[in-house]
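Coordinates in review
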Amino acid sequence: MDSKQLDMLKEIMEICFCLTDINLYLDTHPNDERAVALHNTFSKKYKELTNMYSMKYGPLTNYDLSKYPWEYTKSPWPWEIEY
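Below you will find a few notes about this structure. Everything numeric in this text was worked out from a predicted model, so none of it was measured.

**Thoughts on the overall build of the protein chain**
A count of helices and strands for the protein chain gives two helices and zero strands. The C-alpha radius of gyration of the protein chain comes to 15 Å, more than 25% above the 12 Å expected for a compact globule of 83 residues. A principal-axis box enclosing the C-alpha atoms of the protein chain has dimensions of 45 × 25 × 20 Å. Every one of the 83 residues in the protein chain was classed for burial, and the buried ones make up 24%. Just so you have it, the protein chain exposes about 6,600 Å², and 57% of that area is on carbon and sulfur atoms. Looking at the protein chain, you have 9 positive and 13 negative side-chain charges, and the mean spots of the two groups are 8 Å apart.

Quick look at the structure:
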């Protein structure tokens, strides 16, 4: 895995963490308009990054579209990545 791919993957993981954290907050504060806006900003960024990553390096999850042959298993598994 080259450094650009690793950097993009780390950014995706950071955004995913933020989305999870905001989601937990919104579960108990659903009327916080600022938090909803922040969630939507991170959600948009997450979609953009995951689409860019998938187009450049292949699918991130088994739910993403794949070229032939099946690409999902070509990427390193999380425990194979040297962070």
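That covers the picture; the talk isn't over yet.
**A closer look at the state of the cysteines**
A covalent bond between the sulfur atoms of two cysteines is referred to as a disulfide. In total, this model carries zero disulfides according to the counting rule given. Sulfur of Cys 16: no disulfide; nearest cysteine sulfur belongs to Cys 18 and is 9.3 Å away. Judged by relative accessible area, which is 34%, Cys 16 ranks as partly exposed.

**Points about a negative patch on the surface**
A cluster of like negative charges, contributed by Asp 2, Asp 7, Glu 11 and Glu 14, occupies part of the molecular surface. What makes Glu 11 partly exposed here is its relative accessible area of 31%.

**Quick look at the environment of Lys 47**
Position of Lys 47 among the secondary structure elements: in helix 2 (residues 33-57). In sequence terms Lys 47 and Ile 12 are 35 residues apart; their C-alpha atoms lie 9.3 Å from each other.

**As for helix 1 (residues 3-28)**
Residue pairs three or four apart in sequence face the same way in an α-helix, which turns once every 3.6 residues. Here helix 1 contains 26 residues, and its C-alpha end-to-end distance of 38 Å stays within 8% of the 38 Å for a straight helix at 1.5 Å per residue. Residues of helix 1 that are buried include every one of Gln 5, Leu 6, Met 8, Leu 9, Ile 12, Ile 15, Leu 19, Ile 22 and Leu 26, and no others. Next to the buried residues of helix 1 lie helix 2. Between the side-chain oxygen at the start of helix 1 and the backbone nitrogen of Lys 4 there is a gap of 3.2 Å, and the oxygen is on Asp 2.

Each value, and the rule that gives it
- Residues numbered from 1 in each chain as written.
- Predicted model: local features only at pLDDT ≥ 70, side-chain atom pairs only at ≥ 80, totals over all residues.
- Heavy atoms only, no water.
- Helix = DSSP H or I, 4+ residues; strand = E, 2+ residues; numbered from the N terminus.
- Rg over C-alpha atoms; globule rule 2.2 N^0.38 Å.
- Buried < 20%, exposed > 50% of the residue type's maximum accessible area, 1.4 Å probe, protein only.
- Areas by Shrake-Rupley, 256 points an atom, 1.4 Å probe, with all protein chains shown as cover.
- Lys, Arg positive; Asp, Glu negative; His and termini not counted.
- Charge placed at Lys NZ, Arg CZ, Asp CG, Glu CD.
- Disulfide = S-S within 2.5 Å.
- Patch = residues over 30% accessible without salt bridge, like charges linked within 9 Å, V, L, I, M, F, W, Y side chains within 5 Å.
- Salt bridge = Lys/Arg side-chain N within 4 Å of Asp/Glu carboxyl O.
- Expected span 1.5 Å × (residues − 1).
- Contact = heavy atoms within 4.5 Å.
- Polar contact = N/O pair within 3.5 Å; in protein donor to acceptor, adjacent residues only side chain to side chain.

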